[in-house]
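Spelled out from the first residue to the last, the chains are:
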Amino acid sequence: MTVISTKSIMFFAALVVSVAMLSTVIDFNWPREVVTTEDPTPTPRQSNETPLHTSPVFLPGTQPRDLKSPPTSAEACQACHGGYADYSPYDTWRGSMMSFAAVDPLFLALNAISNRDLEGVAEVGDFCLRCHTPAAWLEGRSEPVDGSALKEKDFKYGVTCDLCMRMVDPLTEEGKALSRPDTMVYANGQYVLEDDYVRRGPYSNPQSPHKSQYSEFHTKSEFCGTCHDIYNPVYNLETPVETTYSEWLYSAYSEEGVECQDCHMPAVEGYAAYAGNLELRDNIYRHEFAGSSVWMPDVLVWMYELEPGEVEALMKTKERARETMRSAADLEARREGDMLVVRVTNLAGHKLPTGYPEGRRMWLNIRFYDDAGRVIKESGRYDPVSAELVKDDEIKVYEAKPGLKDVDGFSEGPSFHFAMNNWIYKDNRIPPRGFSNRAYEERMAYIRGATYEDGQYWDTTVYAIPVGAVRVKVFLWHQSVSKEFIEFLRDENIGNNWDIFDAGEKMYAAWEALDRSPPVEMAGVEVPL
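All values reported here derive from a predicted model rather than from experimental measurement. (Residues numbered from 1 in each chain as written. Predicted model: local features only at pLDDT ≥ 70, side-chain atom pairs only at ≥ 80, totals over all residues. Heavy atoms only, no water.)

Participant: I'd like a rundown of the environment of valine 390, residues and numbers included.
Facilitator: Locating valine 390 in the fold gives a position in the loop between strand 16 (388–389) and strand 17 (397–398). With residues near it in sequence (within four places) discarded, valine 390 still touches Arg381 and Ile395. (Helix = DSSP H or I, 4+ residues; strand = E, 2+ residues; numbered from the N terminus. Contact = heavy atoms within 4.5 Å.)

As structure tokens, this is what we get:
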């Protein structure tokens, strides 16, 4: 299989996948990450294909089996940090997608497809497991890359407390001394851990029975960027997967010191633990990490046999995610002559929407009514029965569409083939306040299919007002999983031996059972005409 990379504009060093799959490292003469591959015995495929080398992905940071003291289970934290308040760190984390990262059926289904697509080429599943079950990855259980070596505790706890509490800033001298080789960016799951049981966090005067120390790194967005700026190692780290950190980095929020934690880990007054005579603090950070996942908590409850406390925690996170979505945008509508002018303003510190793009979309729904209360024209109508977004001439959908270009064996155009995608065909998501087009291009937070001036954090759409309309309702909707994506996960995993968890089929069954991922209303206005 021939893999054609996009043009080199990135600040990382590169893994080059040639026709013969030879290991190559290119020097671009400025700081980039170095990705290397081993060259094991070729894995035979069907007789009509040329055998290919399977290349494990290697990226800087703490490596598997580096730690003499691997991260402990989250259960060790529960006794002191859970069960005493609705904001307690363990309880809020237990309802987060971080906690369930390893059993997220969407992730498992897509990982299986990625492993199949690159079978004999690159063990991309190892790269994915690095973020979704880091404790297992650090202990060497990410091989085989289908997840078959994972233990019960790996599935149960996902991204654990101890992993985050032991992370150090990889760009400091301390971090460089621990990384193999040096990590030069906050990206791609290249976390660096100290091999000790010292818990690092935001308090300069911690009161705890275990060793603790203040870490400024834990209060900064760079900490989050470790796993929320992701570039595909199969394509020289030159194809973006998720650029949330970069979107924030080159925005006004970064310049003003507004961090990821300020919105996604809101601080409350309380106590950091339930033990001893502790100090009352005004910066106890909630650990739901609420974002746009309003539907996935229902999927997890439906799919797994969870304890009552876990169900309660997930439902709380669901509601906080709904609140987060409702605070992410401002919606305005006004009449100008025979036209309706609608403006969506992004109030978030990154693109709206952001994150892993496949299946996620946000759109405007415009309903014009006559004096009898009948809808006489509608744009952006969603059919809840078929789960289809009905296309029309004026529809505005904010989304990213990655896809394939010049990849042998695959059709060219937008696709859901996550690990194979090497091109961005569309990304009209609204950038944050103060963004820079040049910086976004350099960081591959591309804007495609739309034009935003530097600093612009709103988008305006115009609709023709039909004759007889006396009022209009305007809604902004968000959907985390589209019908097309769910059907892709199901269909591509039929007969896929890599889908050892039957995640494609189970994900589709959950979608069918749970209202087909109903869209969430982010904002709505009504205007008399």
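So much for the structure itself; the text now carries on.
Participant: Residues and numbers for unusual backbone geometry, please.
Facilitator: The peptide bond linking arginine 180 to proline 181 adopts the cis configuration, its omega dihedral lying at -20°. Here proline 181 lies in the loop between helix 8 (173–178) and strand 5 (199–201). In the segment running from leucine 352 into proline 353, the intervening peptide bond is cis, with an omega of -5°. Positive phi is not limited to glycine here, since leucine 237 has a value of about 55°. Along the chain, leucine 237 falls in the loop between strand 7 (229–231) and strand 8 (240–243).

Participant: Any details on empty space enclosed by the protein? Residues and values, ideally.
Facilitator: In the structure shown here, the tally under the stated rule is 4 cavities of 30 Å³ or more. What the largest cavity holds in volume is close to 120 Å³. Around the largest cavity sit 16 residues that line it, and Pro240, Val241, Thr243, Asp427 and Arg429 are the ones nearest its centre. For the lining of the largest cavity, the secondary structure elements donating two or more residues are strand 8, strand 18 (400–404) and strand 20 (423–427). Broken down by element, the residue count for the lining of the largest cavity peaks at 4 residues, all from strand 8. Split by residue class, the lining of the largest cavity holds 9 nonpolar, 2 polar and 5 charged. (1 Å grid on protein atoms, 1.4 Å probe; cavity = no way out; pocket = protein on both sides within 12 Å on 5 of 7 lines; lining within 4 Å. Points joined across faces, edges and corners; volume = space filled by probe spheres on them. Nonpolar A, V, L, I, M, F, W, Y, C, P; charged D, E, K, R; others polar.)

Participant: Run through the sheet that holds strand 18, naming residues and quoting values.
Facilitator: Reading across the sheet, the 3 strands line up as 19-18-20 and stay open at both edges, with antiparallel pairing between neighbours. Pairing within the sheet leaves two strands with one partner each, and these edge strands are strand 19 (413–414) and strand 20. As paired strands, strand 18 and strand 19 are joined by 2 bridges and run antiparallel to one another. Its bridge partner lying in strand 19, leucine 404 is registered against glycine 413. (Pairing = 2+ DSSP bridges.)

Participant: Explain helix 16 (residues 483–492) to me, using residue names and the numbers behind them.
Facilitator: Three or more residues of helix 16 are buried, namely Lys483, Phe485, Ile486, Phe488 and Leu489. Tucked inside the fold, the buried residues of helix 16 contact helix 3 (105–117), strand 16 and helix 17 (503–513). (Buried < 20%, exposed > 50% of the residue type's maximum accessible area, 1.4 Å probe, protein only.)

Participant: Could you give an account of the side chain of aspartate 126, with specific residues and numbers?
Facilitator: Checked against the element boundaries, aspartate 126 lands in helix 4 (residues 124–132). Ignoring any residue separated from it by four or fewer positions in sequence, one finds aspartate 126 in contact with Val57, Trp137, Ser142 and Val145.

Participant: A description of the packing of helix 13 (residues 296–303) against helix 14 (residues 308–326) should follow, citing residues and the corresponding values.
Facilitator: The packing of two helices is summarised by the inter-axis angle and the distance between the axes. Viewed as axis vectors pointing N to C, helix 13 and helix 14 meet at an angle of 160°, and their least axial separation amounts to 9 Å. Considered as vectors, helix 13 and helix 14 are oriented roughly antiparallel to each other. In this structure, helix 13 meets helix 14 at a crossing whose hand is left-handed. When helix 13 is examined against helix 14, the residues Pro297, Asp298, Leu300 and Val301 are found in contact with a partner set consisting of Val311, Leu314, Met315 and Lys318. (Axes fitted to C-alpha atoms, helices over the stretch in contact; angles between N-to-C directions. Parallel < 35°, antiparallel > 145°, perpendicular 65-115°, else oblique. Left-handed = near helix turned anticlockwise from the far one by under 90°.)

Participant: A description of the nonpolar core should follow, citing residues and the corresponding values.
Facilitator: One finds Val299, Phe485, Leu489 and Met507 to be the most contacted residues of the largest nonpolar core, which totals 61 residues. Those elements giving two or more residues to this core turn out to be helix 3, helix 4, strand 7, helix 13, strand 22 (471–479), helix 16 and helix 17. Broken down by element, this core gets its largest block of residues, 6 residues, from helix 3. Those residues in contact with valine 299 that sit more than four places away from it in its chain are Pro105, Met507, Ala510 and Leu514. Ranked by size, the runner-up nonpolar core spans 32 residues in total, among them Ala329, Leu364, Val472 and Val520. (Core = buried A, V, L, I, M, F, W, Y, C linked by side-chain atoms within 4.5 Å.)

Participant: Describe in detail the sheet that holds strand 21 (residues 458–464), supporting the description with residues and values.
Facilitator: Strands in a sheet are paired, the pairing made by backbone hydrogen bonds, and the direction either parallel or antiparallel. On the basis of which strands lie adjacent, the open sheet formed by 3 strands has the order 11-12-21 and antiparallel pairing. In the strand order of this sheet, the two ends are held by strand 11 (329–336) and strand 21, each with one partner. Strand after strand, the sheet turns through a mean of 20° between neighbouring axes, direction not considered. Pairing of strand 11 with strand 12 (residues 339–346), which is carried by 8 bridges, proceeds in the antiparallel orientation. The residue bridging alanine 329 from the neighbouring strand is asparagine 346, located in strand 12.

Participant: I'd like a rundown of the environment of leucine 314, residues and numbers included.
Facilitator: The topology assignment puts leucine 314 in helix 14. Each C-alpha atom, one on leucine 314 and one on aspartate 91, is 9.6 Å from the other, the two residues being 223 residues apart in sequence. Contact partners of leucine 314, with chain neighbours within four places excluded, come to Gly95, Phe100, Pro297, Leu300, Val301 and Leu306.

Participant: Can you lay out the packing of aromatic side chains for me, pointing to particular residues and giving the numbers?
Facilitator: Tallying each qualifying case throughout the model produces 20 aromatic pairs. With 6.0 Å between their ring centres and 85° between their planes, tryptophan 137 and tyrosine 191 make a pair best called edge-to-face. Taken together, the residues span a long stretch of sequence, with tryptophan 137 in helix 5 (residues 134–138) and tyrosine 191 in the loop between helix 8 and strand 5 at a distance of 54 residues. The pair formed by tryptophan 137 and tyrosine 191 is uniform in burial state, with each residue classed as buried. Seen in terms of ring centroids, phenylalanine 485 and phenylalanine 488 are 6.4 Å apart; in terms of plane orientation they differ by 10°. Their pairing is stacked. Linking phenylalanine 485 with phenylalanine 488, this pair stays in helix 16, spanning 3 residues, or about one helical turn. Note on phenylalanine 485: relative accessible area 1%, which makes it buried. Overall, phenylalanine 488 belongs to the buried group, its relative accessible area being 11%. Cluster of aromatic residues (ring-pair linked, three or more members): Tyr186, Phe217, Phe223, Tyr245 and Trp248. For arginine 130, the ring lying beneath its charged end belongs to tyrosine 191, and the centroid distance is 5.9 Å. For arginine 490, the ring lying beneath its charged end belongs to tyrosine 508, and the centroid distance is 4.3 Å. (Phe/Tyr/Trp six-rings, centres within 6.5 Å; stacked < 30°, edge-to-face > 60°. Lys NZ or Arg CZ within 6 Å of the ring centre and 35° of its normal.)

Participant: Before we move on, can you summarise the environment of alanine 329 with the specific residues and values?
Facilitator: Structurally, the position occupied by alanine 329 is in strand 11. Along the chain, alanine 329 and asparagine 346 lie 17 residues apart, while their C-alpha atoms are 4.9 Å from each other. In this view, alanine 329 contacts Val344, Thr345, Leu347, Leu352, Leu476 and Met522; residues no more than four positions away in its chain are not counted.

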